[in-house]
Amino acid sequence: MNVPKSGYRVFSANSTAACTELAKKITERLGVELGKSVVYQESNRETRVDVKESVRGQTIFIIQTIPRDVNTAIMELLVMAYALKTSCAKNIIGVIPYFPYSKQCKMRKRGSIVCKLLASMLAKAGLSHIITMDLHQKEIQGFFSFPVDNLRASPFLLQYIQEEIPDYRNAIIVAKSPAAAKRAQSYAERLRLGLAVIHGEAQCAESDMADGRHSPPCVRNTSGHPGLELPYTSLNEGKQQAPFPGIELPIMMAKEKPPITVVGDVGGRIAIIVDDIIDDVEDYVAAADILKERGAYKIYIMATHGLLSADAPRLIEESAIDEVVVTNTVPHEVQKLQCPKIKTVDVSMILAEAIRRIHNGESMAYLFRNITVDD
């Protein structure tokens, strides 16, 4: 009886040509052909996947880059994974450089942790392993019931700084917020540069809703059963009142951040802002303005995932930002045509090496050499 030799195949789950560019670069580096499959949307917008070759007993890698239509890309990945599972693939490994919904990894008011839901859906569809890059929060790996390899783009971005930014020794690494200070500190220590932190924010920022600074509401809610009322503050008396003894809570002071400012000296320096995701760029434009006011003569933004939604290219082009450097984990060729300040760093090399090592059963430690938790 002939037993087929176990091998591996690489498929792309994207239905648009622009999103398959990364998959083609990865397969070229691996020296293999892209698996034969058809992914398309029917007239009623349902996703259909047809696998055109046998995958029985093989290890399958599905490369899925996430375009603007996030939900369609997720369904393409789920449907393809399930199609390969029912075709008796041995292992199904997802290569998802930018993991969608990663910002929805915390409970906010009456919302939900969508990232956890997506992790469960991928496991149910048949995935047994995921390769991703620079998760928004590293704790997201705990949402999965199977292994997750969270690769880092920092070596490629650091190399770009050293090779493409003239006089980078006169630069200073800037954290856009105190929350990003650890990442910025890691970059600063590797490049032997100084560190600055932008503190404060513009009014009506998104984080106002995220961190609950307006909760509980200032106005007493009189609806509902009287016996279930919570203590409230009387504006006339200034005292805490409770409907019955034993339930008295301390008054919560509302959060109020100062106007945007810079902690650190950026005068006469090149300012390099580092982050993991750049999507809406209003905060970066505001940061660039304040850095210019403080004397920085060039401003670069380095990020792993360049989503660059809405009017981001126009805002970048009209701003004080000199250059935005992102990797090709997310397709952004259209944005580059709209804004020549956007530059791309190719990370297909590390993704291809991760695929090769996983297939051969080799250690992944080499890909994480000199990588710290804060990278």
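Remember, predicted model here, so these are calculated numbers, not experimental data.

**Some remarks on the pattern of salt bridges**
Argument step 1. If you walk through the whole model with that rule in mind, you get 9 salt bridges.
Argument step 2. Here Arg314 makes a salt bridge to Asp311, at a shortest N to O gap of 3.5 Å.
Argument step 3. The class of Arg314 is partly exposed, set by a relative accessible area of 41%.

**Observations concerning helix α3 (residues 114-125)**
Argument step 1. Helix length check: α3 (12 residues) gives 16 Å between terminal C-alpha atoms against 16 Å at 1.5 Å per residue, within 8%.
Argument step 2. Those residues of α3 that fall on the buried side of the exposure criterion are Val114, Cys115, Leu118, Ala119, Leu122 and Ala125. Mapping the buried residues of α3 onto a view down its axis gives an arc of 145°, with all of them on the same face. For α3, the exposed residues set more than 90 degrees away from the buried face come down to Leu117 and Lys124.
Argument step 3. Next to the buried residues of α3 lie α2 (70-86), β5 (91-96) and β6 (129-133).
Argument step 4. Positive phi shows up at Gly126, right after α3, with a value of about 125°.

**Notes on the environment of Leu351**
Argument step 1. Structurally, Leu351 is set in helix α10 (residues 348-360).
Argument step 2. Separated by 329 residues in the primary sequence, Leu351 and Leu22 place their C-alpha atoms 9.7 Å from one another.
Argument step 3. Not counting residues up to four positions away in its chain, the partners in contact with Leu351 are Leu22, Ile26, Val95, Pro97, Ile131, Met133 and Leu151.

**Notes on the packing of helix α1 (residues 21-30) against α10**
Argument step 1. For the pair α1 and α10, the least separation of the axes is 9 Å and the interaxial angle reads 60°. Considering their axes alone, α1 and α10 lie oblique with respect to each other. Taken as a pair, α1 and α10 cross one another with a handedness that is right-handed. Where α1 abuts α10, its residues Leu22, Lys25, Ile26, Arg29 and Leu30 lie against Ser348, Met349, Leu351, Ala352, Ile355 and Arg356.
Argument step 2. Partitioning the contact of α1 with α10 into residue classes produces 7 nonpolar, 1 polar and 3 charged.

**Section: the nonpolar core**
Argument step 1. If you look at the biggest cluster of nonpolar residues, it comprises 47 residues, and the most contacted ones within it are Ile131, Leu151, Ile173, Ile272 and Leu351.
Argument step 2. Looking at which element gives the most residues to this core, the answer is α10, with 6 residues.
Argument step 3. Residues in contact with Ile173, not counting those within four places in the same chain, are Ala184, Tyr187, Ala188, Leu191, Leu193, Gly194, Leu195, Ala196, Ile272 and Val274.

**Observations regarding unusual backbone geometry**
Argument step 1. Phi angles above zero are rare outside glycine, and Arg45 is one such case at about 70°.
Argument step 2. In this structure, Arg45 sits in the loop between β2 (37-41) and β3 (47-51).
Argument step 3. One non-glycine residue, Cys88, adopts positive backbone phi at about 70°.
Argument step 4. Examined against the element boundaries, Cys88 turns out to sit in the loop between α2 and β5.
Argument step 5. A relative accessible area of 36% means that Cys88 is categorised as partly exposed.

**Quick look at the sheet that holds strand β12 (residues 261-263)**
Argument step 1. Spatially, β12-β9-β8-β13-β14-β15-β16 is the arrangement adopted by the 7 strands of the open sheet, whose pairing is mixed. Each edge of the open sheet is held by one strand with a lone partner, namely β12 and β16 (342-345). Adjacent strand axes in the sheet meet at a mean angle of 30°, parallel and antiparallel pairs treated alike.
Argument step 2. Strand direction decides the pairing type here: strand β8 (residues 171-175) and strand β13 (residues 270-278), joined by 5 bridges, are parallel. Bridging from a neighbouring strand, Ile172 pairs with Ala271 of β13.
Argument step 3. The sheet contacts of helix α5 (residues 181-191) involve β8, β9 (194-199) and β13, and relative to β8 the element is tilted by about 165°.
Argument step 4. On top of the sheet, helix α7 (residues 282-293) reaches β8, β9, β12, β13 and β14 (298-306); it is set at about 170° to β13, its chief contact.

**Focus: the side chain of His305**
Argument step 1. Inspection of the secondary structure puts His305 in strand β14.
Argument step 2. Only 2.8 Å separates the side chain of His305 from the side chain of Thr329, close enough to count as a polar contact.
Argument step 3. If we ignore the near neighbours within four places in the chain, the residues touching His305 are Pro97, Tyr98, Met133, Asp134, Asp276, Ile277, Ile278, Thr329 and Val330.

**Let's talk about the confidence of the model for the protein**
Regions with low pLDDT carry predicted coordinates that are not meant to be interpreted in detail.
Argument step 1. Mean pLDDT over the protein: 87, with 86% of residues reaching 70 or higher.
Argument step 2. Confidence drops under a pLDDT of 50 for residues 1-5, and excluding neighbours within four residues, the segment shows 0 contacts in the predicted structure.

**Quick word on the packing of aromatic side chains**
Given two aromatic rings, one states the distance between the centres and the angle between the planes to describe the pair.
Argument step 1. Counted by the stated rule, this structure contains 3 aromatic pairs.
Argument step 2. Ring centres of Tyr8 and Phe61 lie 5.9 Å apart, and the angle between their planes is 90°; on these two criteria the pair is classed as edge-to-face. Remark: Phe61 occurs in strand β4 (residues 59-63) and Tyr8 occurs in strand β1 (residues 8-12); sequence separation between them is 53 residues. Phe61 shares its class with Tyr8; the two are buried.
Argument step 3. For the ring pair Phe144 and Phe146, a centre distance of 5.4 Å and an interplane angle of 55° mean the geometry is tilted. For the pair Phe144 and Phe146, one class covers both residues: buried.
Argument step 4. Among the aromatic side chains, those forming a connected cluster through ring pairs are Phe99, Phe144 and Phe146.

**Quick notes on the packing of helix α4 (residues 154-164) against α5**
Argument step 1. Following both chains from N to C, one finds α4 and α5 inclined at 50°, their axes separated by 11 Å at the closest point. The pairing of α4 with α5 is recorded here as oblique in orientation. For the pair α4 and α5, the sense of crossing is right-handed. Here Ser154, Leu157, Leu158, Ile161 and Gln162 of α4 come into contact with α5, specifically with Tyr187, Arg190 and Leu191.
Argument step 2. Grouping the constituent residues of the contact of α4 with α5 by class yields 5 nonpolar, 2 polar and 1 charged.

Criteria and thresholds
Residues numbered from 1 in each chain as written. Predicted model: local features only at pLDDT ≥ 70, side-chain atom pairs only at ≥ 80, totals over all residues. Heavy atoms only, no water. Salt bridge = Lys/Arg side-chain N within 4 Å of Asp/Glu carboxyl O. Buried < 20%, exposed > 50% of the residue type's maximum accessible area, 1.4 Å probe, protein only. Helix = DSSP H or I, 4+ residues; strand = E, 2+ residues; numbered from the N terminus. Expected span 1.5 Å × (residues − 1). Arc of directions from axis to C-beta. Contact = heavy atoms within 4.5 Å. Axes fitted to C-alpha atoms, helices over the stretch in contact; angles between N-to-C directions. Parallel < 35°, antiparallel > 145°, perpendicular 65-115°, else oblique. Left-handed = near helix turned anticlockwise from the far one by under 90°. Nonpolar A, V, L, I, M, F, W, Y, C, P; charged D, E, K, R; others polar. Core = buried A, V, L, I, M, F, W, Y, C linked by side-chain atoms within 4.5 Å. Pairing = 2+ DSSP bridges. Polar contact = N/O pair within 3.5 Å; in protein donor to acceptor, adjacent residues only side chain to side chain. pLDDT = per-residue confidence, 0-100. Phe/Tyr/Trp six-rings, centres within 6.5 Å; stacked < 30°, edge-to-face > 60°.

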